[in-house]
Amino acid sequence: MKKIVSGMRPTGKLHLGHYLGVIKNWLKLQDEHDCYFFVADWHALTNKYKNTEDLKENIKQMIIDWLACGIDPKKATLFVQSGVKQHSELALLFSMITPKSWLELNPSYKDLKFNLFYQYLRDFLLGKQVKINQAPPPESFDEALEKATGKQKNKIFEEYLREAFHRAFYNQKGINFEYLKEVLIKFGINKKIVEEAIDNLEKGDVGKDIDTLGFLAYPVLQAADILIYKAEGVPVGEDQLPHIELTREIARRFNNLYDEIFPEPEAILTEAAKLPGIDGRKMSKSYNNAIYLSDSEEEVNKKTMQMKTDPQRIRRTDPGNPDVCIVYDYHKIFTKDENLLKDIDQKCRTAEIGCTDCKKILAENLNKFLEPIRDKRKEIEKDYEKYEKFFIEGTLRCREIAESNMKEVRKAMRLYEI
Ligand code: SF4
């Protein structure tokens, strides 16, 4: 049995992506290990420091979702990060021994910046009526770039735009805006529009909200969140591995400098089924494409009917391809009957089933899955204080553990104690 620590930023009600990516795994871990699951409310401030009016409500909704899904205070210790101030003390001490370069190289910091910049550029171009075709490009970016003459082309495939931006962003010398300008003009976008967009990116406010010390240093706070409990394992997806590596490096550095206090926690890799939002993009509150655990039956039905399907299947009589259909991605997870699943696959390919009927089956299965969660949610909402208590008790327990470990840290660092 390992000591496991894992947290989630309170962004409000949870959606199916959260369930599959985190909660499902926690449910398994709480049966096998000594788990500490926390509401990472300080982390919510790293890029949302301006809008704190929803923070308390977001925490409440997340707590309700956790419990409704079966996260069990009898099996795991549940707590709220900001209730254990020792996390911030340890983060401060860690920040003294963490080289700045470790943070600047943190890939998720760069990726987030990339996404913000890219999103801005895309929205700007769309706002100027530039045609961005969402269909996949028929040829490679390099071939298309070679053929692009500017005069003939008046639309740019989204994939190309992303590729161009990627090449401009991820290179040795910072963002190569000149390259990006050249490519966009080559693809036929009006020079004036391109220049305005790039100018805004270079000088504007894009990304300003993450240009803070708190955002840059959040992996240090994360290291403190984990190490303050001397955790041995942290469940993570592939993309978060660099964070755990950083936590291990901080632990190593501390142990070398002062005393062997911290274990180097292992990353427990979780294989989560990736589920896109109803429009095919990453499921996210900000894209307005998510199915929430708290959605009513009607909302689920409506959202399922809005789901994108195989783009090549235009008429009911056209055969479809489930391999490129979001609805079928959902079926693979929520339609438990293997025979039915095979049947849908085959009938889609032969046009024996229409997309509306296919979606109706999915909506039914989604509702079957969500119904017990919805019911439990209602029960918890009615008597929230009774359930909130689990988190208060957990937080108090964590405070004691954290304080006891901090005493060791202060002593090892020979700090002045009153
Ligand atoms: S029948 Fe179902 S799987 Fe096939 S394209 Fe339509 S929604 Fe997708």
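Residues numbered from 1 in each chain as written. Predicted model: local features only at pLDDT ≥ 70, side-chain atom pairs only at ≥ 80, totals over all residues. Heavy atoms only, no water.

**Some details on the domain arrangement of the protein chain**
Then comes step 1: Structurally, the protein chain comprises domain 1 (3-98 + 217-275 + 384-412), domain 2 (107-210) and domain 3 (295-382).
Then comes step 2: Distance between the C-alpha centres of domain 1 and domain 3: 34 Å.
Then comes step 3: On the domain 3 side, the residues contacting the 14 residues of domain 1 number 14 residues.
Then comes step 4: Roughly 1,300 Å² of surface becomes buried between domain 1 and domain 3 when both sides are summed, with 73% attributable to carbon and sulfur atoms.
Then comes step 5: Considering only the surface of domain 1 that becomes buried against domain 3, Leu16, Leu275 and Tyr387 emerge as the three largest contributors, covering 38% of it.
Then comes step 6: In this assembly, domain 1 and domain 3 are joined by 1 salt bridge.
Then comes step 7: Here Asp65 makes a salt bridge to Arg377, at a shortest N to O gap of 2.7 Å.
Then comes step 8: Counting every contact that joins domain 1 to domain 3 gives 4 residue pairs in polar contact (both at pLDDT 80 or more). (Domains from an automatic or database assignment. Contact = heavy atoms within 4.5 Å. Buried area = accessible area lost by both parts, 1.4 Å probe. Salt bridge = Lys/Arg side-chain N within 4 Å of Asp/Glu carboxyl O. Polar contact = N/O pair within 3.5 Å; in protein donor to acceptor, adjacent residues only side chain to side chain.)

**Some details on the site of the ligand**
Then comes step 1: Every residue lining the ligand is accounted for by Thr309, Asp310, Arg313, Cys325, Val327, Tyr328, Cys348, Cys355 and Cys358.
Then comes step 2: Those elements giving two or more residues to the shell around the ligand turn out to be helix H15 (326-334) and helix H17 (355-382).
Then comes step 3: Tallied by class, residues from the shell around the ligand come to 6 nonpolar, 1 polar and 2 charged. (Near = heavy atom within 4 Å. Helix = DSSP H or I, 4+ residues; strand = E, 2+ residues; numbered from the N terminus. Nonpolar A, V, L, I, M, F, W, Y, C, P; charged D, E, K, R; others polar.)

**Overview of the pairing of strand S6 (residues 233-236)**
Then comes step 1: Alternating residues of S6 divide into Gly233 and Pro235 and Val234 and Val236, and every residue in both groups is buried.
Then comes step 2: The sheet contact formed by S6 and strand S7 (residues 266-269) spans 4 bridges and is parallel. Residue Val234 lies in a different strand from S7, and its bridge partner there is Ala267.
Then comes step 3: With helix H13 (residues 241-257) bridging S6 and the parallel S7, this β-α-β connection has right-handed handedness. (Buried < 20%, exposed > 50% of the residue type's maximum accessible area, 1.4 Å probe, protein only. Pairing = 2+ DSSP bridges. Right-handed = clockwise from strand over helix to strand, strands pointing away.)

**Focus: the nonpolar core**
Then comes step 1: Leu16, Ile23, Trp66, Ile291 and Tyr330 are the most contacted members of the largest nonpolar core, which has 56 residues in total.
Then comes step 2: If one sorts the elements of this core by residue count, helix H3 (residues 55-69) sits on top with 9 residues.
Then comes step 3: Counting only domains with at least three residues in this core, you end up with domain 1 (3-98 + 217-275 + 384-412) and domain 3 (295-382).
Then comes step 4: Apart from the residues lying within four places of it in its own chain, the contact partners of Leu16 are Leu275, Met283, Ile291, Leu293, Tyr330, Phe334, Leu366, Phe369 and Leu370.
Then comes step 5: Grouped together as the second largest cluster of nonpolar side chains are 40 residues, Leu216, Leu221, Ile244 and Cys398 included. (Core = buried A, V, L, I, M, F, W, Y, C linked by side-chain atoms within 4.5 Å.)

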